[in-house]
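Descriptive structure summary
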Amino acid sequence: MSSVGVLHKSRVSIEEGMTVLSVILHCDLDCFYAQVERERLGLPKDAAVVVVQWKMALAVSYPARKFGIKRGSNVDEVRKLGGDKVTIVHVETIGGDAPPPDLNVDQEGTEDLVNTQKVSLARYRKASADIFRAMISCLSGYQAKFERASIDEAYIDVTAEVDQRVRKAGNELRPLPDNTMVVGERLDMRDECDVRLAYGADIATEVRKKVLAAFSYTVSAGISTNKLLSKFASAENKPNMQTIVPLRAVSKLMEDVPLRKLRGLGGKLGKEVEALGVSTAGEATKLSREQLQSKLGHQKFAEFVYNSVRGIDESEVKERDKAKSLLAAKSFRGQMGLSVVEQTWLPLLADELAERLMVDAELNNRDAKTLTISFRMKSATSQGNWTMVTASRSAIMPPIGAEGRSNEILSSSVNVLRKVAREEKQFTFPITFVGLTATNFSDRATANESISRYFHVASDRDAVHSSGSKTVTDRSQNAFQTREEIHQRRIQESADRALALRLHREESIPTDSKATRGGRIGKKVTSKVAKRKGKGGVNTLDRFVVKKD
Ligand code: DCP
Ligand code: CA
Ligand code: CA
C-alpha cells in the first residue's frame, strides 16, 4: 500500500543505525466539564449531567447522551429529553450584582445575565492542570515526551520508552490491557509495529488508571504511530476506552473516514476541501497536490491535506505542559457601548487576566511579555452595509513586579480602545466582543529582564526597534539574502504560522466567546510588525490589524 510505504518514512532513529516506528498516545478526557461538575457536586459516576452556558449545553455526560442530549442542545430541550433524571449545571460566572445562574439555570432573567456577567472556566482549568500533573508524574522515570494540546487533551510520545521495553522483553505474547480496541484485524505479535503499539497500550492504560485513581475522571486514549492517527483513535470508542490503530489498518481505515474527523480538518480548511466535492479522506486521496493547491492557495495547506488524508503526519510531539496563551474575554449578545466596555468589562477582564497570570507564574515560574487587546465590532462598508470586523493590537505586558498590575493592564487596554475609536473612524463601536490575551511567555529568570525592558521602552517610545535578539539575528542574516528570497521566506513563514494557528484552533477548546458566537471570534491572524508608536502610554508593538469576515 502506497500510504503505508510513505508512513514508514516517519521512522525515527533511536540508536546508531537502528530505526524504529514512533508510538504516539493521545489522551482525551471524556465529557470533560461534565465530569468535573459531577465530582464537584458529589454525584454518582453514572449521573446524567449537562453543563450549560447561557442555556446552551457545552458538555454532556455519557449517561445524559442516552436521552439524546447533545452539545449545543438548548436547556429546554435538555429538560424535555431528560426530565428530572438530568442534573443541569451552569458554568461558573463572575461579575455583575445579580446572583449567578449556577444550578438554577431556569431562573428569571438568566438571559439578561449574558450582558452583565461572564463565564469563568477556572474550575476546568484547575482540574486540567491537576490531571496533566498526574499524567506527567505517572510518566516519571519513563522516556516520554508530553504535549498539552488543549484543556482536556495531550499527546505523549512514548517511542523511546517502548524501544526500551522491546529491547528488554521482546515481543513476548501477552494479553492487551482491558478496555482496549483495535481498528481492523487483531494485533499480530509477529509484526514489529503491532508489538510496539501493544507496549504503547500498556503505558496508555497506566496513565488512564492514574487519573481515574486520583480524581475519578475517565480518559479515552488513542495509540498509533503519529499524532493524526492517535487523535483519531482516541475518539473512536468513548468513553473510558483506548483504541489502537495499527499501521496495517490505515489505508483501509482512511477510505471511509469523514474528512472532518481528522486533526486540522474539523474547521474551515476541511470545509474548503469538501468544496472540491469530497467528504471522506479516501475520496480526497483522488485529489492531486496541484488541485489542492489551486483550491487552498498555499502549498503548505495542500501538502498538509495531501498527507493527512493518507494518515501521514510527521509533526513532532512538542515538550509542553502549559498553555501557550491566557485569554480573558467576553462576548455580548447584541452590542455593548464603548463606555460600558471601558468602565465595566475591561476592569473585570484586566483583573481576571492579572489573577490568572499570578497563578500561572507561581505554578509554572514564567511570565508573559505580550498583551494583546482584541475587539469585534460593527463597521460600515463602502456600499453602506454593515460588516463585523475584528481588530487587535499588541502591547508590552506590564511586568509582574509592577505595582497594581491589573491597573496597568487596564490602562493599557483603555488606551488602545480609545486610540482605536479615535483613529479608525469607520468603526461605529458598539462592540460585540472584547478580549485580553497574554502570550510570549518566558521563564521568570528572564522575565526580570523584561521589567527593565519595559521601563527602558517607556522612556524611548518613538524608537523603531526589533523586539529581542532573535529579530536582530534574523536581520543580520538578511544582509546575505536577496529581496526576492526575503519575500519568499516571509510568505513561507506566514503560511507556517497560519497552519500552526489552524491546528491550534482545532485542538484547543473555544473560549467562552467562541462557544456562544459560533466559534467565529478569534479567527484572525495578527501580523507582527516591529513598529512602536506608543502614544498615550501604549507601547504598541504590532501594527493595528483589521480583518473583515
Ligand atoms: N467545550 C466548549 N465548547 C465547545 C467544545 C468544547 O465549551 N464548542 C468544552 C466543554 C467540553 C470540553 O471543552 O467538556 C472538552 O471538549 P471536547 O470536545 O473534548 O468534548 P467533551 O470532553 O465534552 O466530550 P468527549 O467525551 O466527546 O471528548
Ligand atoms: Ca474530551
Ligand atoms: Ca478534547
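Everything that follows concerns the structure shown earlier in this document.
Before going into details, it helps to say that this report is about the structure given with it. (Residues numbered from 1 in each chain as written. Chains lettered and ligands numbered in written order. Predicted model: local features only at pLDDT ≥ 70, side-chain atom pairs only at ≥ 80, totals over all residues. Heavy atoms only, no water.)

As for the overall build of the chain
We apply this condition: Here a helix means four or more residues in a row that DSSP labels H or I, a strand means two or more in a row labelled E, and each is numbered from the N terminus. We call a residue buried when its accessible area falls under 20% of the maximum for its residue type, exposed when it is over 50%, and partly exposed in between, using a 1.4 Å probe and counting protein chains only. What makes two residues a contact is simply this: any of their non-hydrogen atoms within 4.5 Å. Where accessible areas are quoted, they stem from the Shrake-Rupley method and a 1.4 Å probe; at the residue level, only the protein chains shown are allowed to cover.
When its secondary structure is counted, the chain shows 20 helices and 18 strands. Within the chain, buried positions represent 49% of all 549 residues. Partitioning the contacts of the chain with sequence separation of at least 6, the portion at a separation of at least 24 is 69%. Just so you have it, the chain exposes about 25,500 Å², and 51% of that area is on carbon and sulfur atoms.

So, the coordination of the calcium ion (ligand 3)
Ideal values for angles at a metal depend on the geometry: 109.5 degrees with four tetrahedral donors, 90 or 180 degrees with six octahedral donors. Rules: A donor here means an N, O or S atom no more than 2.8 Å from the metal, or no more than 3.2 Å when the metal is Na, K or Ca. Since water is not included, a site may seem to lack partners.
Protein coordination at the calcium ion (ligand 3): the donors are Asp28 (OD), Asp152 (OD) and Glu153 (OE), at 2.2 to 2.6 Å from the metal. All donors of the calcium ion (ligand 3) belong to a single chain; written as a sequence motif, their spacing is D-x123-D-E. In this structure, the calcium ion (ligand 3) lies 3.5 Å away from the calcium ion (ligand 2), the two metals sharing aspartate 28 as a donor. A residue pair is termed long-range when its members are at least 10 positions apart, and aspartate 28 in strand β3 (residues 24-29) and aspartate 152 in the loop between β9 (145-150) and β10 (153-157) qualify at 124 residues. The buried category is assigned to aspartate 28, whose relative accessible area is 12%.

Notes on the sheet that holds strand β13 (residues 242-244)
Consider a sheet: its strands pair through backbone hydrogen bonds, and that pairing is either parallel or antiparallel. Threshold: DSSP-based pairing: two strands are paired if at least 2 bridges between them are found. Only the contacting stretch of a helix is used when fitting its axis, a line to C-alpha atoms as for every element, and angles between N-to-C directions run 0 to 180 degrees.
Sheet architecture is open: 6 strands sit in the order β9-β10-β3-β12-β13-β11, paired in mixed fashion. On the outer flanks of this sheet lie β9 and β11 (180-182), each paired with one strand and no other. When the angles between neighbouring strand axes are averaged without regard to direction, this sheet yields 20°. Helix α6 (residues 122-138) rests against β3, β9, β10 and β12 (219-224) of the sheet, and its axis sits at about 160° to β9. The strands that helix α8 (residues 192-215) touches are β3, β10, β12 and β13; relative to β12, the one it contacts most, it runs at about 165°.

Topic: the coordination of the calcium ion (ligand 2)
Heads up, the condition is: Here the metal geometry follows the donor angles, with tetrahedral for four donors whose angles all fall between 85 and 135 degrees, square planar for four and octahedral for six when opposite donors are more than 155 degrees apart and every other angle is between 65 and 115, and irregular for all the rest.
The coordination sphere of the calcium ion (ligand 2) contains the protein donors Asp28 (OD), Leu29 (O) and Asp152 (OD), at a distance range of 2.1 to 2.3 Å. Considering all 6 donor atoms around the calcium ion (ligand 2), angles at the metal cover 75 to 173° and the coordination shape is octahedral. On the primary sequence, the residues serving as donors to the calcium ion (ligand 2) are separated as D-L-x122-D.

A word on the sheet that holds strand β5 (residues 56-60)
Sheet architecture is open: 3 strands sit in the order β5-β4-β6, paired in mixed fashion. Each edge of the open sheet carries a strand with a single partner, namely β5 and β6 (86-90). Averaged over neighbouring strand pairs, the angle between their axes works out to 35° when direction is ignored. Taken together, the 5 bridges between strand β4 (residues 48-53) and β6 define a ladder with parallel strand orientation. When the sheet's bridge partners are listed, alanine 48 is paired in β6 with valine 86.

Section: the packing of helix α14 (residues 299-308) against helix α19 (residues 483-507)
We apply this condition: For this classification, under 35 degrees means roughly parallel, over 145 means roughly antiparallel, 65 to 115 means roughly perpendicular, and everything else is oblique. When residues are grouped by polarity, Ala, Val, Leu, Ile, Met, Phe, Trp, Tyr, Cys and Pro land in nonpolar, Asp, Glu, Lys and Arg in charged, and all others, Gly among them, in polar.
Where α14 contacts α19, the axes come no closer than 9 Å and their chain directions differ by 40°. It follows that α14 is oblique to α19 by the angle criterion. On α19, the residues that touch Lys300, Phe301 and Phe304 of α14 are Gln492, Ala495, Asp496, Ala498, Leu499, Arg502 and Leu503. Residues belonging to the contact of α14 with α19 are distributed by class as follows: 6 nonpolar, 1 polar and 3 charged.

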